[in-house]
Amino acid sequence: MVDSSSARSRRSCLAVPGSSPKMLSKAKGLPVDQIFMDLEDSVAPIAKEEARQNVVAALNEGGLEGKVRVVRVNDLTTQWTYRDVIEVVEGAGANLDCIMLPKVQTAEQVAWLDMTLTQIEKTLGLEVGRIGIEAQIENALGLVNVDAIAQASPRVETIIFGPADFMASINMKSLVVGEQPPGYDVGDAYHYILSRILMAARAYDKQAIDGPYLQIKDVDGFRRVAGRSAALGFDGKWVLHPGQIEAANEVYSPNQEDYDHAELILDAYAYYTSAEGGARGAVMLGDEMIDEASRKMALVMSGKGRAAGMKRTKTFTPPEG
Ligand code: GLV
Ligand code: MG
């Protein structure tokens, strides 16, 4: 469990079906921030049990250094969830960072997972609380309860929007995930849902993650849809195909100009508020007035850039005399 201010970056979260050992192995070499091995909707019911074993083997095999290692279990309305959690955590708990719980509807469901994880960690002698929870919001009830879900356990690290299930849950009149439903011509049909999730995530210090874009050959479409949630403040998005990775890593990182500008504001503000710089609270940086609120905005941008490993190309020089 990691708090979001110090959290590892999750710009690109790659979904890999647990039923395919070949895909699990191939995914390890890809430049994504997170890999989640799926036991849920990308795995056929008759393949669920074997998928658990594949996932345990893939986690224990290693090769995932530097990536957030996640397994998505089946949702709590199915018969599979408890055995998914027990088999995966007993089999590979030391090599796993988070369990993703799909279709979360209530805080109690998260509390169940928290307690189950604690029991397994105690049994195995693992550090209690280290394994985090990713909560996927995929239906109307989950969204209505999102504040309580975010607070249901200190293990919760991310709140994830699951657009496909969500569209079905609210009877949205469209079959194209993430794109605007035909006939809705007054803005973005996802704005309320994304904003609601984002507010819960920010209020309780979690990461906000956007879900999949299924037209995997349409990278421009991916960029456009990802660009909306990134602009609002989301931290990252699922990727379903190697072709979407570069776009995700780019869209959820600042561009070089914004990153440089943010670092410049931080340096300038530190200088001008110091005794040496005149102990001033509001000052001009070029044509722009900066103050404490500017510092906070700059911190967000620089935090994203630093997490993405960006290097600054401009330095602040205090004025002479
Ligand atoms: C993801 O699980 C989705 O339903 O979009
Ligand atoms: Mg789903």
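One can find the structure itself at the top, above this paragraph.
Treat the numbers as computed from the prediction; the structure is a model and nothing was measured.

### Side note on the pattern of salt bridges
And then number 1: Applying the stated criterion across every chain, the model contains 25 salt bridges.
And then number 2: Across the salt bridge formed by arginine 83 and glutamate 87, the nearest N and O atoms sit 3.3 Å from each other. One end of the pair is arginine 83 and the other is glutamate 87, both in helix 3 (residues 81–92) and four residues apart, which spans about a single turn.
And then number 3: Look at arginine 83 and you get partly exposed, because its relative accessible area is 35%.
And then number 4: In the salt-bridge network here, residues are joined through shared partners; they are Asp38, Glu40, Asp41, Arg72, Lys103 and Asp165.

### What about the coordination of the magnesium ion (ligand 2)?
And then number 1: Taken together, the protein ligands of the magnesium ion (ligand 2) are Glu138 (OE) and Asp165 (OD), with distances of 2.0 Å. Taken together, the residues span a long stretch of sequence, with glutamate 138 in the loop between strand 5 (132–137) and helix 5 (140–144) and aspartate 165 in helix 7 (residues 163–169) at a distance of 27 residues.
And then number 2: Look at glutamate 138 and you get buried, because its relative accessible area is 3%.
And then number 3: Residue classification places aspartate 165 among the partly exposed positions, given a relative accessible area of 25%.

### So, the nonpolar core
And then number 1: In terms of nonpolar packing, the biggest core is built from 64 residues, with Met37, Leu59, Val71 and Ile99 touching the most fellow members.
And then number 2: Counting residues per element, this core draws most heavily on helix 8 (residues 191–203), which supplies six residues.
And then number 3: Counting residues in hydrophobic clusters, the runner-up holds 13 residues, among them Ala268, Tyr271, Tyr272 and Val283.

### Quick look at the site of ligand 1
And then number 1: All residues in the neighbourhood of ligand 1 are listed as Arg72, Gln136, Glu138, Gly162, Pro163, Ala164, Asp165, Pro212 and Trp238.
And then number 2: One of the side-chain N or O atoms of glutamate 138 is found 2.8 Å from an oxygen atom in ligand 1.
And then number 3: Alanine 164 places a main-chain nitrogen or oxygen 2.7 Å from an oxygen atom of ligand 1.
And then number 4: Relative to its unbound accessible surface of 190 Å², ligand 1 loses 94% to contact with the protein.
And then number 5: Of the residues belonging to the shell around ligand 1, the class tally is four nonpolar, two polar and three charged.

### Re the state of the cysteines
And then number 1: For the structure on display, the rule yields zero disulfides.
And then number 2: No disulfide involves cysteine 13; its nearest neighbouring cysteine sulfur is the one of cysteine 98, lying 10 Å away.
And then number 3: For cysteine 98, a relative accessible area of 0% puts it in the buried group.

### Quick word on the environment of valine 70
And then number 1: Relative to the elements of secondary structure, valine 70 occurs in strand 3 (residues 68–72).
And then number 2: Sequence spacing of valine 70 and phenylalanine 36 is 34 residues, and the spatial spacing of their C-alpha atoms is 4.4 Å.
And then number 3: Valine 70 has contacts with Gln34, Ile35, Phe36, Met37, Leu96, Cys98, Ile99, Met100 and Glu134, leaving out every residue within four places of it along the chain.

Reading guide: rules and limits
- Residues numbered from 1 in each chain as written.
- Chains lettered and ligands numbered in written order.
- Predicted model: local features only at pLDDT ≥ 70, side-chain atom pairs only at ≥ 80, totals over all residues.
- Heavy atoms only, no water.
- Salt bridge = Lys/Arg side-chain N within 4 Å of Asp/Glu carboxyl O.
- Helix = DSSP H or I, 4+ residues; strand = E, 2+ residues; numbered from the N terminus.
- Buried < 20%, exposed > 50% of the residue type's maximum accessible area, 1.4 Å probe, protein only.
- Donors = N, O, S within 2.8 Å, 3.2 Å for Na, K, Ca; no water.
- Core = buried A, V, L, I, M, F, W, Y, C linked by side-chain atoms within 4.5 Å.
- Near = heavy atom within 4 Å.
- Polar contact = N/O pair within 3.5 Å; in protein donor to acceptor, adjacent residues only side chain to side chain.
- Areas by Shrake-Rupley, 256 points an atom, 1.4 Å probe, with all protein chains shown as cover.
- Nonpolar A, V, L, I, M, F, W, Y, C, P; charged D, E, K, R; others polar.
- Disulfide = S-S within 2.5 Å.
- Contact = heavy atoms within 4.5 Å.

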